Amino acid sequence: MRIVLLHMPWGAIDVPSLALGILHTAAARAGHEVEVRYANLDFVDWAAETAGFGVNDYEYFSEKSYFQGAGDWAFAGALYGDDDPASGAGATGGADSERYFEYLAANGASEQEMALTRATRAIAPEFIARLVGELAADPPDLVGFTTTFQQNTASLAAARLLKQRCPQVRTVFGGANCDGPQGAALHRNFPFLDYVVRGEGEAAFPALLAGGDLAAVPGLCWRDESGKSTANGMSTRPLPPAAILTPRYDGFYERLDASVAAGWVDPKLVLEGSRGCWWGEKHHCTFCGLNGSSMEFRSKPPADFLAEVLTLAERHQLLDVYVVDNILDMGYFDTVLKSLAELPVDLRLHFEIKANLRRHQFQLLGDSGAAQVQPGIENLSTRVLKIMDKGVTGCQNVRALRDAQSAGVSVTWNYLYGFPGEQPDDYESVIRQLPVLHHLDPPTGAGRIAIERFSPYFDRPELGFAITRPAFQYRATYRLPESELAELAYVFTAPPRGIGGEVAERLGAAVDTWLARFPDSRLTYREAGGRIVLVNTRPGYDWRVVELTDPVDIAAFRLLGQPRSPATLAAKLPGGAAAVEPVLARFTALGLLFHDGDSYLQVAVESDNQVLMRMRHRHGPAAVRPRTATEEVLDAVPIG
C-alpha cells in the first residue's frame, strides 16, 4: 500500500512530526511504502512568496493564538467552502466574523494580528486546492493526517477536498486532537473521514492497514456499509515501553533546508523517552489535561533511549534535541544523563522536569547538555501550589530557578493564576518580592488558566468550575451544534475564579518588568578566604558589592541555601533565636531573600555561570550579551 502522511499548518516548522515519524516506522515495518509530506513547510514557502508571510506571522498561528483558535479559524473557510470570510459565512451558532474579532481583541490581539488572520483565511483555500491537486495527480492509497493544537481545520479542509477529487483514497486522522471523545466527534461530524485512530497509534495504525475486523482495533472510529460512524472502545492498557517505536525522520531536514523557513529557525531533533506522568498518577495537577486518556507513566529502558538519542543525532547531524516527555524519568539521572555527561558529545537538550530537584541534579542536567528545562513552576505561592496539587512549595520553585542558573541551565516557565480558592494575599507578597528575583529566569508571561479536557477541573466540577460550554473559538470556527462542539473541543469556558482583574493586571505588569530587567540583572556570590562576596546589578537595589565576614552571617547564608523557617534557623545558627531576626532583616534589606509563609531562601546564584546565562534567543544562534564595564570591574574584586 502506498501511504502519504501529512503534517499540516500550523505544525511547528523547526522540528519534524514525532507522531508521523513513529507511524512511518510502524507502517514501513509492515511493508508499506510511506512518504511523510510536510505541508506546513509547503505552506510557509507558498505564503512567503505570494503574501509576504514571515516567521512572526507563522508563529502567531502556531503558538501565540492557540487559546483563541486563530489558526483553525483561518482555515475554516477552506473547510466549509467559504469564498468571503469577511461575510461571516463560516461562523456558527449566530456568531459572525466580527464577533470573533471582538473576541480576539478582548484577548489581546493587535490590529495587525487581526488583519493577518483575515488575510490568511482569504488565501487558505488556494493553498488547500494546490496541495490536493498535487496529491490527486498521483493519488496514494491512503492519506493520514496528524492533528495537534491548531491543525484541525487545515487537515479537515484537505481531507474534504481530497475525498471529492479522489473518492477511492482512504483518509485517516490521528493525534492529540483525536483523543477520546474528540476523535469520535470528528469522525461522526465529517463524513469524508474514513477512519480516526484514537490513542497510541503504534498498534492501531498497522492493524488498520492490515485490514480484517475493524471492530477489533482498539480506539478506531470507522464506518459500516451504511456510512454510520462507529467508535470502538479505547484500549485500557497503554503500550509497554518496548512497543514505543523510534521515529523515522527521512526527508524532513532536507525539506527544511530547501524552505524559506531554513532562514527563520534552527532545526532540532524531537524525541521521547517516556509517556504519561509519574507525578500525575499520584497527584494529577488540577489544571493539566496534557496526558489525555493515558496517564500511566512508562519510560524506555535507559540504554535504549540513550542509543536512540545518539543514533538520531549522528544520523541527522544535529545537536539540539527536544525531549517531549511530560516529566523526566528520575531513573534517567544515574543512567542516561550520567552517560551523556561522560561522553565526548556536545548535545543541547530540552527536558520537562519536576521543580523540586536538588542542586546536584541540576548540575547533572547541565553536564549532560540540558541547556533548557521546563520545571512546571507555574506559581510562587505555596498556598496556590497546594490548590494546584503541584507537590512543591514557593521556595522550592525559587530554589529551582536559582540552582538551575548556578548549573548553567536555562529555565522556561509560565506564571498561572485563576485557581478556585486563591486570594489576593497569595499574590501581593509575591508581587512585592519580584524585584528580588530579577536576576533569575523570568516567566514568559502571566495568564489566567484555561479549562482543558482531561484535567481534574474539567472532570470534577466540584473542584470549583461549573463547565458551561466550549470556548468561543469553536462556535466561531465549526458549523456544529453545541452538543457536538462539547465533544470536539479541548478548551472550555467557565466563570473566572481566583484573583480579579486589578491584582491580575499588577501581576502581569510586574512580570513584564521582570522580563525587561532580567538581561541586565545579576546577583552572584563566591566563597573564598573565609568570607562570602556578593555582587549585585539588579536595578531595585543600589548596592554593588557586599562582603559577609561575620560568622553568624556566613552560617545563616549557607543554611538559607535551603528553605528554612526562623525556628529551624534558630536551632542551627550560632547565637540561636536572638540572632535570627537581625540576620533576616539585614538579608531582606539587601534583597538576598525570598520568603513564602514561614520559609526563607537565599536567592544569590553561584558566580561561575550567571553571565553566560545572559543569552537572548530569537530565530538564530544564541548571542551572548556583551559584558558591561561595571561587570568587568565587579569581577575584578579580590576575594582572597
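The structure this text deals with has already been given above.
Residues numbered from 1 in each chain as written. Predicted model: local features only at pLDDT ≥ 70, side-chain atom pairs only at ≥ 80, totals over all residues. Heavy atoms only, no water.

**What about the overall build of the protein chain?**
Across its full length, the protein chain carries 25 helices and 27 strands. Relative to the compact-globule value of 26 Å for 640 residues, the protein chain shows a C-alpha radius of gyration of 26 Å, a close match. Each of the 640 residues in the protein chain was classed as buried or not, and the buried ones make up 57%. Across the protein chain, the fraction of contacts at a sequence separation of at least 24, relative to all contacts at a separation of at least 6, is 73%. (Helix = DSSP H or I, 4+ residues; strand = E, 2+ residues; numbered from the N terminus. Rg over C-alpha atoms; globule rule 2.2 N^0.38 Å. Buried < 20%, exposed > 50% of the residue type's maximum accessible area, 1.4 Å probe, protein only. Contact = heavy atoms within 4.5 Å.)

**Considerations on the layout of surface pockets**
Considered as a void within the structure, the second largest pocket measures approximately 150 Å³ in volume. Looking at the second largest pocket, the residues that line it are Ser429, Arg432, Gln433, Val436, Tyr541, Thr588, Gly591, Leu593, His595 and Tyr600. Elements that contribute at least two residues to the lining of the second largest pocket include exactly α17 (425-433) and β23 (593-596). Considering each element in turn, the lining of the second largest pocket owes the most residues, three residues, to α17. Here the lining of the second largest pocket is composed, by residue class, of four nonpolar, five polar and one charged. (1 Å grid on protein atoms, 1.4 Å probe; cavity = no way out; pocket = protein on both sides within 12 Å on 5 of 7 lines; lining within 4 Å. Points joined across faces, edges and corners; volume = space filled by probe spheres on them. Nonpolar A, V, L, I, M, F, W, Y, C, P; charged D, E, K, R; others polar.)

**Description of helix α3 (residues 55-64)**
Counting buried positions over the 10 residues of α3 gives seven, a clear majority of the element. Those residues of α3 not exposed but buried are Val55, Asp57, Tyr58, Glu59, Tyr60, Phe61 and Ser62. Of the surrounding secondary structure, the elements contacted by the buried residues of α3 are α2 (39-51), α4 (70-80), α5 (97-106) and α6 (111-137).

**With respect to unusual backbone geometry**
In this structure, the amide linkage connecting Pro9 to the following residue, Trp10, adopts the cis form with an omega of 15 degrees. Counting through the fold element by element, Trp10 comes out in the loop between β1 (2-6) and α1 (18-29). A positive phi angle, close to 55 degrees, is found at Gln317, a residue other than glycine. Phi angles above zero are rare outside glycine, and Asp389 is one such case at about 60 degrees. Checked against the element boundaries, Asp389 lands in the loop between α15 (382-388) and α16 (394-406).

**Re the sheet that holds strand β14 (residues 410-411)**
The strand order across the open sheet formed by five strands is β8-β11-β12-β13-β14, and the pairing between neighbours is parallel. If you trace the sheet from one side to the other, it starts and ends with β8 (269-271) and β14, each paired once. Along the sheet face, helix α14 (residues 359-368) touches β12 (348-352) and β13 (370-374) and points at about 130 degrees away from the line of β13. (Pairing = 2+ DSSP bridges. Axes fitted to C-alpha atoms, helices over the stretch in contact; angles between N-to-C directions.)

**Quick notes on the environment of Ala158**
As for its position among the elements, Ala158 is in helix α7 (residues 152-165). For the pair Ala158 and Val132, spaced 26 residues apart in sequence, the C-alpha separation works out to 6.4 Å. Residues contacting Ala158, with those up to four places away along its chain left out, are Met8, Ile128, Leu131, Val132 and Phe145.

**Focus: the side chain of Arg531**
Take Arg531: it is sitting in strand β21 (residues 531-536). By relative accessible area, Arg531 is classed as buried at 19%.

**Comments concerning the pattern of salt bridges**
For the coordinates displayed, the defined rule picks out 28 salt bridges. Glu113 is the salt-bridge partner of Lys64, the closest N and O atoms lying 2.5 Å from each other. Separated by 49 residues along the polypeptide, Lys64 in helix α3 and Glu113 in helix α6 bring together distant segments of the chain. Of the residues examined, Lys64 reaches a relative accessible area of 56% and is grouped as exposed. Between Asp403 and Arg402 there is a salt bridge, with its nearest N and O atoms 2.9 Å apart. (Salt bridge = Lys/Arg side-chain N within 4 Å of Asp/Glu carboxyl O.)

Just geometry here; none of it tells us what the structure is for.
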